[in-house]
Amino acid sequence: MFVSDFRKEFYEVVHSQRVLLFVASDVDALCACKILQALFQCDHVQYTLVPVSGWQELETAFLEHKEQFHYFILINCGANVDLLDILQPDEDTIFFVCDTHRPVNVVNVYNDTQIKLLIKQDDDLEVPAYEDIFRDEEEDEEHLGNDSDGSEPSEKRTRLEEEIVERTMRRRQRREWEARSGSGSEPVAAALEKSSRLFPGPMSDRTAPRSPRRDILFDYEQYEYHGTSSAMVMFELAWMLSKDLNDMLWWAIVGLTDQWVQDKITQMKYVTDVGVLQRHVSRHNHRNEDEENTLSVDCTRISFEYDLRLALYQHWSLHDSLCNTSYTAARFKLWSVHGQKRLQEFLADMGLPLKQVKQKFQAMDISLKENLREMIEESANKFGMKDMRVQTFSIHFGFKHKFLASDVVFATMSLMESPEKDGSGTDHFIQALDSLSRSNLDKLYHGLELAKKQLRATQQTIASCLCTNLVISQGPFLYCSLMEGTPDVMLFSRPASLSLLSKHLLKSFVCSTKNRRCKLLPLVMAAPLSVEHGTVTVVGIPPETDSSDRKNFFGRAFEKAAESTSSRMLHNHFDLSVIELKAEDRSKFLDALISLLS
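Taking an unreviewed UniProt entry as the reference, the protein is identified by name as CDC45 isoform 5 belonging to Pongo abelii. The UniProt entry for the protein carries the following text under Subcellular location (unreviewed entry): "Nucleus". For the protein, the Sequence similarities (unreviewed entry) comment in UniProt is given as "Belongs to the CDC45 family."

A.B. asks: Which residues make up the side chain of Lys582, and what values do they have?
C.D. replies: With respect to the helices and strands, the residue Lys582 is situated in strand 16 (residues 578-582). For the buried Lys582, which has no salt bridge, the nearest side chain bearing the opposite charge is Glu584, at an N-O separation of 5.3 Å. A distance of 2.7 Å separates the side chain of Lys582 from the backbone oxygen of His533, its partner in a polar contact.

A.B. asks: I'd like to hear about the environment of Gly339, residue by residue, with values.
C.D. replies: Examined against the element boundaries, Gly339 turns out to sit in helix 16 (residues 337-350). Judged by its relative accessible area of 0%, Gly339 is buried. C-alpha separation for the pair Gly339 and Ala329, spaced 10 residues apart in sequence, amounts to 8.4 Å. Among residues more than four places away in sequence, those in contact with Gly339 are Phe332, Lys333 and Leu334.

A.B. asks: Outline the side chain of Asp273, listing residues and values.
C.D. replies: In this fold, Asp273 is placed in helix 13 (residues 267-285). Apart from residues lying up to four places away in sequence, Asp273 is in contact with Thr228, Met232 and Leu256.

A.B. asks: With reference to specific residues and values, describe the confidence of the model for the protein.
C.D. replies: Looking at the protein, pLDDT values average 83 and 84% of them are 70 or higher. Across residues 144-153, where pLDDT falls below 50, the model places three contacts with residues more than four positions away in sequence or in other chains. Predicted confidence for residues 177-208 stays below pLDDT 50, and this span has 51 contacts to residues more than four positions away or in other chains.

A.B. asks: Please set out the sheet that holds strand 15 (residues 569-570) residue by residue, giving values where relevant.
C.D. replies: As summarised here, the arrangement of the six strands in space is 11-12-13-14-16-15, forming an open sheet in which the pairing is mixed. Every other strand in the sheet has two partners, leaving strand 11 (472-473) and strand 15 as the edge strands with one partner each. Examined bridge by bridge, strand 12 (residues 478-481) and strand 13 (residues 523-530) share four bridges and lie parallel to one another. Counterpart to Ser481 in the pairing with strand 13 is Ala526.

A.B. asks: I'd like a description of helix 1 (residues 6-14), backed by residues and values.
C.D. replies: Buried within helix 1 we find Phe6, Phe10, Tyr11 and Val14. Looking straight down helix 1, one finds its buried side chains confined to an arc of 80°; they lie on one side. Looking at the buried positions of helix 1, the neighbouring elements they touch are strand 1 (19-24), helix 2 (27-42), strand 3 (71-75), strand 4 (94-98) and helix 11 (230-240). A side-chain oxygen of the first residue of helix 1 lies 3.1 Å from the backbone nitrogen of Arg7; this N-cap is Asp5.

A.B. asks: Please give an account of unusual backbone geometry that cites residues and values.
C.D. replies: For the peptide bond that leads from Arg102 to Pro103, omega is 5°, which places it in the cis range. Among the structural elements, Pro103 can be located in the loop between strand 5 (101-102) and helix 5 (106-110). Backbone geometry places His44, a non-glycine residue, at a positive phi of 55°. As for its position among the elements, His44 is in the loop between helix 2 and strand 2 (47-52). Phi at Asn76 is positive, roughly 60°, even though this residue is not glycine. Here Asn76 is to be found in the loop between strand 3 and helix 4 (83-87).

A.B. asks: Could you give an account of the packing of helix 2 against helix 21 (residues 425-435), with specific residues and numbers?
C.D. replies: Following both chains from N to C, one finds helix 2 and helix 21 inclined at 65°, their axes separated by 10 Å at the closest point. Between helix 2 and helix 21, the angle is such that the two are roughly perpendicular. Two packed elements cross with a definite hand, and for helix 2 against helix 21 that hand is right-handed. Contact residues: Leu30, Cys33, Lys34 and Gln37 in helix 2; Phe429, Ala432 and Leu433 in helix 21. A breakdown of the residues in the contact of helix 2 with helix 21 according to their chemical character gives five nonpolar, one polar and one charged.

A.B. asks: Let's hear about the nonpolar core: which residues, and what values?
C.D. replies: As a rule of thumb, soluble globular proteins bury nonpolar side chains together. Counting 115 residues, the largest nonpolar core has Phe22, Phe95 and Trp250 as its most contacted members. The element best represented in this core is helix 2, accounting for 11 residues. What Phe22 contacts, discounting residues up to four positions off in sequence, is Val50, Val52, Leu58, Ala61, Phe62, Phe72, Ile73, Leu74, Ile75 and Cys77.

A.B. asks: Before we move on, could you go through helix 24 (residues 554-565) and cite the residues and values that matter?
C.D. replies: Taking 1.5 Å of rise per residue, 12 residues should cover 16 Å, and helix 24 covers 16 Å from first to last C-alpha, within 8% of that figure. Across the 12 residues that make up helix 24, a large majority, 10, are buried. Along helix 24, the positions that sit buried rather than exposed are Phe554, Gly555, Arg556, Ala557, Phe558, Glu559, Lys560, Ala561, Ala562 and Thr565. Close packing links the buried residues of helix 24 with helix 10 (212-221), strand 13, strand 14 (535-541), strand 15, strand 16 and helix 25 (586-597).

A.B. asks: Can you tell me about the packing of aromatic side chains, naming the residues and giving the values?
C.D. replies: Across all of its chains, the model carries 22 aromatic pairs by this definition. On the numbers, 5.6 Å between centres and 45° between planes, the contact of Phe62 with Phe95 is tilted. With a gap of 33 residues between them, Phe62 in helix 3 (residues 55-65) and Phe95 in strand 4 connect regions that are remote in the sequence. Three or more aromatic residues link up through ring pairs in this structure, and these residues are Phe22, Phe62, Phe69, Phe72 and Phe95. For the cation-ring pair, Arg309 lies above Tyr327, with the distance from its terminal atom to the ring centre recorded as 4.4 Å.

Cut-offs used in this document
Residues numbered from 1 in each chain as written. Predicted model: local features only at pLDDT ≥ 70, side-chain atom pairs only at ≥ 80, totals over all residues. Heavy atoms only, no water. UniProt positions renumbered as here; feature names shortened; annotations may be inferred. Helix = DSSP H or I, 4+ residues; strand = E, 2+ residues; numbered from the N terminus. Buried < 20%, exposed > 50% of the residue type's maximum accessible area, 1.4 Å probe, protein only. Lys, Arg positive; Asp, Glu negative; His and termini not counted. Salt bridge = Lys/Arg side-chain N within 4 Å of Asp/Glu carboxyl O. Polar contact = N/O pair within 3.5 Å; in protein donor to acceptor, adjacent residues only side chain to side chain. Contact = heavy atoms within 4.5 Å. pLDDT = per-residue confidence, 0-100. Pairing = 2+ DSSP bridges. Arc of directions from axis to C-beta. Axes fitted to C-alpha atoms, helices over the stretch in contact; angles between N-to-C directions. Parallel < 35°, antiparallel > 145°, perpendicular 65-115°, else oblique. Left-handed = near helix turned anticlockwise from the far one by under 90°. Nonpolar A, V, L, I, M, F, W, Y, C, P; charged D, E, K, R; others polar. Core = buried A, V, L, I, M, F, W, Y, C linked by side-chain atoms within 4.5 Å. Expected span 1.5 Å × (residues − 1). Phe/Tyr/Trp six-rings, centres within 6.5 Å; stacked < 30°, edge-to-face > 60°. Lys NZ or Arg CZ within 6 Å of the ring centre and 35° of its normal.

Below, the structure is given as structure tokens:
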């Protein structure tokens, strides 16, 4: 059920308990985790933190810890599936779920006892009414025959509880039967069976007759999208408790910026949430403008800025940033000779010497830097780039250290998805988490260097895909596959990196193609995951249009295509539009996807 009073129904409940935090591997989740950690440290709440990158890790970690904890907090995981069915918890176990993934599973919404959703209800959730979902087929017929004979809400609640118990019992019986039979099935088969459990619904039962209940569920569940940043939700909790600090506000800003950088929310949603945070920034940082009560220069200062849409430009050279930012690279078409000429013309129009443009931004002449934003925006307008500046925030640590929110997002993401072999996924998670603290600026600067490599590799891969015509139209969607042996291919084996590459590739393709129909198509992209196991990561990206609502239909479509062809697929990632697939099943999976979407 939705928690209406976060202070009473959540924080005061866990305040005196030992709790376990399950945190997904994305920047917004890390920021929400940092805010919650700071609150717990204020009130001496005992907690254990466990990073989880997918459903298998979540299930394994829960089995390891379920005897020691009764209260579990899930950040950016768990809202969009039936948690009780997956984790099989004891009846006294309570889950608090703060998750941006939508749509929220209806069983989670209407479970009053064990699932507590820390989700803003002013988001456009569109949850179906209880009476429309938890109604038996026989009752549907009775409703059609006799509308006046309605059931009491309490009876419907009982039916929901019975349905959950029955499903749980069936699952336990199946486990016991498998244990007795001792069938040594392959890990892939077990994973697929687990995957089919994660996503029950109207698409998984092809033989079942259509009913109003199924139609309602299908309409509700067919698109995947994202709601308000979890970091913002946690910051609002801190504000309610009067414990919000500048550091917490900065983490909320970074969480929101992560959603914008990864195209998870619409521009309208981003601007609205920036307005909310801007009021908090003014409240916390007003003393910077007060000459009598000014703060020390060593203090943290956050300011709202209307800054350039260039990745890491204050920590790079302006030329490198222009070449490796998705927005400018796509508009200039930098993978072509003509695009390189247009970039030179752009720099000439601004009147900036190449020597200045190609050296580090910090070493540029102060006279040039003072009016740089206005100069770039004016020239960008002439070259058709109307959105060269964007609303954002920056943070200052004394005189020397200044970061834009997007700088921190790129650095933290690169640390978390680092391909370096010197540590496990948990080590990378902890390093990324530490980089968000102002006491660990060396880790943040290391993350910025990794981010530069990632951005360069992304643009080089995009140029390679477009110049060799690897993006092909399959009818209802575009398809691109990265081959084993492609330079930097291992940088894109992780889901977030591959998703970002796919979105940037689609933007660049839309700018380069003259085919109007192709401009409106979504993209499916595959990259090698494990040569040893013969698996690939596949992601689906919605069409790139100005009016795009960022809703993604590929999660259910992937599930249906794999089911109809018996492809060995694993839905292990928290985003339903990211799957793992056996490489030899790829062709039949794609054929089924084409016929399904045609």
